[in-house]
Amino acid sequence: MPSASFTASRSYVRRSRRKGANRIPTPSRTTSAEPCESSCPIPNQNIPAPLATAPGSAGPTGSGTSGGAIPTHHSPYDLRRKSPFHHEIIPGPSTSAATAGSPTSPATPTAPAQGYSSAMLPARKRPRRTCSASYENCTATAAHYLQYELPDEVLLTIFSYLLELDLCRVSQVCKRFQTIANDTEIWKRLYQNVYEYDLPLFNPGPCRFEFVSPEESELANPWKESFRQLYRGIHVRPGYKDLTFKGRNLKYCNTIQSALDEADERSGINQSGSSTNSCSSTTTSENCSQGPLVFIHSGTYRGEFLVIDSDVALIGSAPGNVAESVILERESESTIMFVEGAKQAYVGHLTLKFTPDVTSTVPHHKHFCLEVGENCSPTVDHCIIRSTSVVGAAVCVNGVGANPVIRHCDISDCENVGLYVTDYAQGTYEDNEISRNALAGIWVKNFANPIMRRNHIHHGRDVGIFTFDNGMGYFEANDIHNNRIAGFEVKAGANPTVVHCEIHHGQTGGIYVHENGLGQFIDNKIHSNNFAGVWITSNSNPTIRRNEIYNGHQGGVYIFGEGRGLIEHNNIYGNALAGIQIRTNSDPIVRHNKIHHGQHGGIYVHEKGQGLIEENEVYANTLAGVWITTGSTPVLRRNRIHSGKQVGVYFYDNGHGKLEDNDIFNHLYSGVQIRTGSNPVIRGNKIWGGQNGGVLVYNGGLGLLEQNEIFDNAMAGVWIKTDSNPTLKRNKIFDGRDGGICIFNGGKGILEENDIFRNAQAGVLISTQSHPILRRNRIFDGLAAGVEITNNATATLEFNQIFNNRFGGLCLASGVQPIVRGNKIFNNQDAVEKAVSNGQCLYKISSYTSFPMHDFYRCQTCNTTDRNAICVNCIKTCHAGHDVEFIRHDRFFCDCGAGTLTNQCQLQGEPTQDTDTLYDSAAPMESHTLMVN
């Protein structure tokens, strides 16, 4: 027989006749056209075919759907505006009411619907054999009027008084009735009377329930399809248990436990096969395969001890916010407990409360609001979970095989832990709100390994997520913020994986890994925490990879107390203290990070900190790019340290370590500073572009500088002063905008086999009580002298080559007596001697930026001071006949030629700016230690 279709074409529906139109006679039995489905019987099952089959079937050849896309048709609301079209039928002589599909005389089915019995069929009356022609004509006329002439609006009003089973039966009379009976407003009213929901709820698969707006649904009548999918359900609705409805077959219970017992009884019948049908009389085989379904209607249900050991679905049923309207509450034991057997159980859209009496002597530390035990995998969906117990947790998942799905739940305002996963349990936890709990939002321990995605964990009065005692887990895309302690804590062998999370605005730190903690923290955003973004301590060894760690109120990553860890490919910036801080024997690997724009230093290693720091980019920090102090010995290799507002790398107070193959450039202060007992190895680096010196060693600094390239710095390539004693070997120091190496104020040092060339001032300047040793160096192509020794300094010069320098090779001030052995001084340009021989003022060759060494005079007549120097040619020419005095042979430029004296120089042109004679290069800037722990 042709199946009843929910998407019947409008061409089968009779249009309303205009006044005076001819009536359509009753169709003949032999007519091939079918104005209605005369062979569609009331099925032999309590649910008629249109409710028991998918409403998306498209006629005899259509296929049913259950919530998916189907061929759409025009909305039944069109019935409220115009009448449908029908085919013109030529009447036949043998037409009867039965073949015309009269609702008062159901047709005999040609092919009974599968799975239905005839119990619900009304008794068929045998037609009278001696009925008069007038009676038959009258009956046919009535049936014809009902089916074809009665206006659609009247039928719609009549159908609105029917319940769902009767509505399905009448829809089988003909296609016109079917279309009108499929009206969405009728089914919406019926649906909301039974289920109370504001939107259709679909059950597309086991443990899946989804509200869908009718406007967004592709179904022709989503209310009817939802009704069909949910019709197997048992309803917990106190006061409805003894009510019966003609045209409705629903089971009502007064308690949840009685509904569970009914569900178990149905499941037992299904499994035993004692029933003729595989499902209860109110379900289809499709819905039966999804397990029992219990609707819990609005109200507060107290005291029921619910232990679920089967694949039953419990779901709240109420208008508005469903979960807020359906409350399950208990004061002892657990509110709901899932045990073995609950493989595909479901609890959804409920409020679960555990409110033990605080004065009770009954222990409840092992009881919870929701408990999931071993070997079960229920789904908990869109529930509100609250617990006032000060011990235990609101939700506990424990034991081998415990593998629930908990999603879209609100676990908040509990006086204990929000979610506790332990003892090898697993599970998937997605899109939950976990907030304002007294203890941790989530605990994971004892080899538990959950998957947690897109949860919102915030404003806890303790830590956000706490993994400890070998807890594990995969945490993805969670938003963790504003917790009183760390956002994420890892302790005691725990090893979680945390990816794509945002951990921010913690009242202490972001991530805290301690006591042998492990873990992988990858692609997270960690920012705006009151303490460090990441803490690693006490032999912990996590992997911190590809995170953004920024805008912390203290540091970015803080490793202390023998912490370790792999810190790589992170972007660390904008933190108030150091981007990475390593202290107290900690030894991490720090590589491929960007550490920049910090309000403090980039990397701070102190208190015997160690670590391998390689291939990072450290730049644009307010203080030093890297600080190394107090006995620390890190190894820095192949880093780019640049554009800082102070020093590039700063060793002080016995800071040691190795600095190898780094690029250090463009700092406001020196590229490297070494002081106060620090003794690093600085090898193979390129140090250039500093606005101050390249390397500054002072205040007792030591160090080995070997095979470095030091060039293009605004001041000396290397400064050695104030009792410092470094060793420089095989370095190339060139193209400096000042001197190559400047040693003064008691500086020492051993300079061996260095190439010092093309610097603007002296290749090596030794001054003020300094005494270095220079061996086998090559000092050449300088724009001033090769080596200058002045101001009571001395030196040991052995086997050096000094050549092709502009002012001369070795220039010694008055009283200087260096130790000189085996040096080669040749091919220097001797521009000073040539200028003197030519009668030129020395200012002509030096201006006020260079300091050629020659005889230094003063003029008593012109009342010059010791701070003014006059060259010998100006004494002879400009100050001829004056009372003059020889001071010494030393470095100076001529103040007479510079135009700073009263009389204009006769050997020089127009006077230049006023300046005093400079005896040494400008002093370098020194960093001031800022002690921050």
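Residues numbered from 1 in each chain as written. Predicted model: local features only at pLDDT ≥ 70, side-chain atom pairs only at ≥ 80, totals over all residues. Heavy atoms only, no water.

Draft legend 1. Quick peek at the overall build of the chain. In terms of regular secondary structure, the chain is built from 14 helices and 74 strands. Considering only intrachain contacts with a sequence separation of at least 6, the fraction spanning at least 24 residues in the chain is 56%. Accessible area of the chain: about 37300 Å², with a carbon and sulfur share of 49%. (Helix = DSSP H or I, 4+ residues; strand = E, 2+ residues; numbered from the N terminus. Contact = heavy atoms within 4.5 Å. Areas by Shrake-Rupley, 256 points an atom, 1.4 Å probe, with all protein chains shown as cover.)

Draft legend 2. Region of the structure containing the side chain of Asn 616. Tracing the backbone shows Asn 616 in the loop between strand S44 (612-614) and strand S45 (617-619). With a relative accessible area of 1%, Asn 616 lands in the buried category. Side-chain polar atoms of Asn 616 contact the backbone nitrogen of His 592, separated by 3.2 Å. (Buried < 20%, exposed > 50% of the residue type's maximum accessible area, 1.4 Å probe, protein only. Polar contact = N/O pair within 3.5 Å; in protein donor to acceptor, adjacent residues only side chain to side chain.)

Draft legend 3. Just the pairing of strand S15 (residues 384-387), in detail. As defined by bridge partners, strand S12 (residues 351-354) adjoins S15 across four bridges and the pair is classed as parallel. Within S15, the residue paired with Leu 352 across the bridge is Ile 385. Looking at chain direction, S15 and strand S18 (residues 410-412) are connected through two bridges and run parallel. By the bridge assignment, Ile 384 is partnered in S18 with Asp 410. (Pairing = 2+ DSSP bridges.)

Draft legend 4. Fine view of helix H7 (residues 222-230). Buried residues dominate H7, accounting for nine of its nine residues. Pro 222, Trp 223, Lys 224, Glu 225, Ser 226, Phe 227, Arg 228, Gln 229 and Leu 230 are the residues of H7 that are buried.

Draft legend 5. Structural context of the packing of aromatic side chains. Overall, the coordinates contain 41 aromatic pairs when judged by the stated rule. The rings of Trp 187, Tyr 191, Tyr 195, Tyr 197, Phe 211, Trp 223, Phe 227, Tyr 231 and Phe 295 are connected pair by pair, giving a single aromatic cluster. Over the ring of Tyr 240 we find Arg 237, and its NZ or CZ is 4.4 Å from the ring centre. (Phe/Tyr/Trp six-rings, centres within 6.5 Å; stacked < 30°, edge-to-face > 60°. Lys NZ or Arg CZ within 6 Å of the ring centre and 35° of its normal.)

Draft legend 6. Just a nonpolar patch on the surface, in detail. Taken together, the side chains of Val 400, Tyr 424 and Phe 447 present a nonpolar region at the surface, about 280 Å² in accessible area. With respect to the helices and strands, the residue Val 400 is situated in the loop between strand S16 (393-398) and strand S17 (405-407). (Patch = residues over 30% accessible without salt bridge, like charges linked within 9 Å, V, L, I, M, F, W, Y side chains within 5 Å. Salt bridge = Lys/Arg side-chain N within 4 Å of Asp/Glu carboxyl O.)

Draft legend 7. Here's a closer look at the environment of Ser 767. On the secondary structure map, Ser 767 appears in the loop between strand S64 (764-766) and strand S65 (773-775). For the pair formed by Ser 767 and Val 816, sequence separation is 49 residues and the distance between their alpha carbons is 9.9 Å.

Draft legend 8. Layout of the pairing of strand S40 (residues 580-583). Neither face of S40 is open: one carries Ile 580 and Ile 582, the other Gln 581 and Arg 583, and all of them are buried. The pairing of strand S37 (residues 557-560) with S40 spans three bridges and is classified as parallel. Considered in S40, the bridge of Val 557 is made with Ile 580.

Draft legend 9. Expanded view of the packing of helix H6 (residues 184-194) against H7. At a minimum axis separation of 8 Å, H6 and H7 run at an interaxial angle of 35°. For the pair H6 and H7, the crossing hand works out as left-handed. When H6 is examined against H7, the residues Thr 184, Trp 187, Lys 188, Leu 190, Tyr 191, Gln 192 and Val 194 are found in contact with a partner set consisting of Trp 223, Lys 224, Ser 226, Phe 227 and Leu 230. Its residues assigned to classes, the contact of H6 with H7 shows seven nonpolar, three polar and two charged. (Axes fitted to C-alpha atoms, helices over the stretch in contact; angles between N-to-C directions. Left-handed = near helix turned anticlockwise from the far one by under 90°. Nonpolar A, V, L, I, M, F, W, Y, C, P; charged D, E, K, R; others polar.)

Draft legend 10. Geometry of a negative patch on the surface. On the surface, a cluster of negative charge is made up of Asp 261, Asp 264, Glu 265 and Asp 309. Position of Asp 261 among the secondary structure elements: in helix H8 (residues 256-272). (Lys, Arg positive; Asp, Glu negative; His and termini not counted. Charge placed at Lys NZ, Arg CZ, Asp CG, Glu CD.)

Draft legend 11. Structural view of the environment of Asp 311. Counting through the fold element by element, Asp 311 comes out in the loop between strand S7 (306-308) and strand S8 (313-317). The contacts of Asp 311, once residues within four sequence positions are left out, are Gly 291, Pro 292, Gly 341, Ala 342, Lys 343, Gln 344 and Ala 345. There is a polar contact of 3.0 Å between the side chain of Asp 311 and the backbone nitrogen of Lys 343. A polar contact is formed between the side chain of Asp 311 and the backbone nitrogen of Gln 344, at a distance of 2.7 Å.

Draft legend 12. Structural view of the pattern of salt bridges. Taken as a whole and assessed by the stated rule, the structure comprises 40 salt bridges. The partner of Glu 568 in a salt bridge is Arg 591, and the shortest N-O contact between them spans 2.8 Å. Taken together, the positions of Glu 568 in strand S38 (residues 566-568) and Arg 591 in strand S41 (residues 589-591) put the pair 23 residues apart, joining distant regions of the chain. Here the salt bridges share partners, and the residues they tie into one network are Arg 637, Glu 660, Arg 683, Glu 706, Arg 730, Glu 753 and Arg 776.

Draft legend 13. Quick peek at the environment of Val 787. The topology assignment puts Val 787 in strand S67 (residues 785-789). Sequence separation between Val 787 and Phe 807 is 20 residues; the distance between their C-alpha atoms is 9.9 Å. The contact partners of Val 787, leaving out residues within four places of it in the chain, are Val 764, Ile 766, Ile 779, Ile 802, Gly 809, Leu 810 and Cys 811.

Draft legend 14. Region of interest: unusual backbone geometry. With a phi close to 60°, Asp 523 is a non-glycine residue in the positive phi region. In this fold, Asp 523 is placed in the loop between strand S32 (520-522) and strand S33 (525-527).

Draft legend 15. Representation of H6 in the model. Turning to H6, its buried residues are Thr 184, Ile 186, Trp 187, Leu 190, Tyr 191 and Val 194. The arc that holds every buried residue of H6, seen down its axis, measures 155°, which confines them to one face. The N-cap residue of H6 is Asp 183: its side-chain oxygen and the backbone nitrogen of Glu 185 are 3.1 Å apart. Glu 196 lies just past H6 and shows a positive phi near 75°. (Arc of directions from axis to C-beta.)

Draft legend 16. Representation of the confidence of the model for the chain. The pLDDT averaged across the chain works out to 83; a share of 79% of its residues lies at or above 70. Counted against residues more than four places away or in other chains, residues 274-285, with its pLDDT under 50, gives 25 contacts. The low-confidence segment residues 910-922 (pLDDT under 50) makes 42 contacts with residues lying over four places distant or belonging to another chain. (pLDDT = per-residue confidence, 0-100.)

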